[in-house]
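Spelled out, the chains give:
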Amino acid sequence: MAERALFLSDEWFGLNLGAASEWPERPGVDCSVNYEVTGAPDGKVHYHAVIHNGRLAEMASGKLADADVSIIYKYADARAEISGGDHPDLAYMSGRMKLEGDYGRWVFGLRPLLDSAEYDAFRAALAENTDF
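The structure presented is a predicted model; accordingly, all values stated were derived computationally and were not measured.

1. Some remarks on the packing of aromatic side chains
Link 1 in the chain: On inspection of all chains with the given rule, the structure shows eleven aromatic pairs.
Link 2 in the chain: Taken together, Phe7, Trp12, Phe13, Tyr35, Tyr47, Tyr75 and Phe132 form an aromatic cluster joined through their ring pairs.

Shown next, in the form of structure tokens:
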């Protein structure tokens, strides 16, 4: 991954898709997520992601009408996580990430993905190639 992108930009959403393109299929690991990042330099940012069979199938600005979960971050906490900080589980447990909706789908249903070496490599690649 040689390209760089500004955090929360459309290019950054594409960077996520590219970085996740090698994830192996994990049947039944599905979740749709709306993200809200408050306090970003240009104001509040809404974006979404769709994970289907353990693969990042979609990521773009805007909200989904029927997302399984919604995740809310303050900009500083979202930035810290992307730049190599805490795993999303730690951000949630410490209150730096709020989760609304199908708690079980996120916390337990995505476990095969969030605990994988591929996800760790994805996070490292994003940290290295994101501009803030």
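Further notes follow.
2. Looking at the environment of Leu114
Link 1 in the chain: Relative to the assigned elements, Leu114 resides in helix H5 (residues 111-114).
Link 2 in the chain: For Leu114, a relative accessible area of 3% puts it in the buried group.
Link 3 in the chain: In sequence terms Leu114 and Pro27 are 87 residues apart; their C-alpha atoms lie 14 Å from each other.
Link 4 in the chain: Contacts of Leu114, omitting those with residues within four sequence positions, involve His87, Asp89, Trp106 and Tyr119.

3. Focus on helix H2 (residues 75-82)
Link 1 in the chain: Of the positions making up H2, those classed as buried are Tyr75, Ala78, Glu81 and Ile82. Along H2, the residues classed as buried sweep out an arc of 130° about the axis, all on the same side.
Link 2 in the chain: Buried residues belonging to H2 abut helix H1 (10-19), strand S2 (31-38), strand S5 (69-74), helix H3 (88-93), helix H6 (117-129) and strand S7 (130-131).
Link 3 in the chain: Of the residues flanking the end of H2, it is Gly84, one or two places downstream, whose phi is positive at about 105°.

4. Looking at the pairing of strand S3 (residues 45-52)
Link 1 in the chain: Burial runs high along S3: six of the eight residues are buried.
Link 2 in the chain: Sheet analysis places S2 next to S3, joined by seven bridges and oriented antiparallel. Considered in S3, the bridge of Glu36 is made with His46.
Link 3 in the chain: A loop of six residues connects S2 with S3, the two strands running antiparallel in sequence, and Gly39 in this loop sits at a positive phi of about 75°.

5. Some remarks on unusual backbone geometry
Link 1 in the chain: Positive phi, close to 70°, is recorded for Leu8, a residue that is not glycine.
Link 2 in the chain: Its place among the elements puts Leu8 in the loop between strand S1 (5-6) and H1.
Link 3 in the chain: Judged by its relative accessible area of 12%, Leu8 falls in the buried class.
Link 4 in the chain: Backbone geometry places Asn53, a non-glycine residue, at a positive phi of 50°.
Link 5 in the chain: One can find Asn53 in the loop between S3 and strand S4 (55-61).

6. Observations concerning the environment of Gly39
Link 1 in the chain: Tracing the chain through its elements places Gly39 in the loop between S2 and S3.
Link 2 in the chain: Once the C-alpha coordinates of Gly39 and Trp23 are considered, the two residues, 16 residues apart in sequence, prove to be 31 Å apart.

7. Regarding the nonpolar core
Link 1 in the chain: Of all hydrophobic cores here, the largest spans 38 residues; its most connected members are Leu8, Trp12, Tyr35, Tyr47, Ile71 and Trp106.
Link 2 in the chain: Excluding residues within four positions of it along the chain, Trp12 makes contact with Ala5, Leu6, Phe7, Tyr47, Met59, Ile82, Leu126 and Thr130.

8. Here's the deal with the sheet that holds S3
Link 1 in the chain: Pairing within the open sheet is mixed, and its five strands lie in the order S4-S3-S2-S5-S6. Two strands lie at the open edges of the sheet, namely S4 and strand S6 (97-101), each paired on one side alone. In this sheet, neighbouring strand axes are inclined to one another by 20° on average, regardless of whether the strands run parallel or antiparallel.
Link 2 in the chain: Bridging between S5 and S6 involves five bridges; their strand directions are antiparallel. Within the sheet, the bridge partner assigned to Ser70 lies in S6 and is Glu100.

Conventions we followed
- Per chain, residue numbering runs from 1 following the sequence as it is written.
- Where local features are concerned, this predicted model is filtered to residues with pLDDT of at least 70; where side-chain atom pairs are given and counted, the filter is 80 or more; whole-chain, interface and lining totals use all residues.
- Think of the side-chain values as coming from all heavy atoms in the structure, minus any hydrogens and water.
- For Phe, Tyr and Trp, where Trp contributes only its six-membered ring, two rings pair if their centres lie within 6.5 Å, and the inter-plane angle classes them as stacked under 30 degrees, edge-to-face over 60, or tilted in between.
- Helix and strand definitions here come from DSSP, where helices need a minimum of 4 consecutive H or I residues and strands a minimum of 2 consecutive E residues; each element is numbered from the N-terminal end.
- Classification of residues uses two cut-offs on accessible area relative to the type maximum, computed with a 1.4 Å probe and protein chains only: under 20% is buried, over 50% is exposed, and between them is partly exposed.
- Contact between two residues is taken to exist if any of their heavy atoms lie within 4.5 Å; hydrogens are not considered.
- Within this analysis, the arc is defined by the directions that extend from the helix axis to the C-beta atoms.
- Following DSSP output, two strands are said to pair if at least two bridges run between them.
- Here, nonpolar core refers to any group of buried Ala, Val, Leu, Ile, Met, Phe, Trp, Tyr and Cys residues whose side-chain atoms link them within 4.5 Å.
- Only the contacting stretch of a helix is used when fitting its axis, a line to C-alpha atoms as for every element, and angles between N-to-C directions run 0 to 180 degrees.

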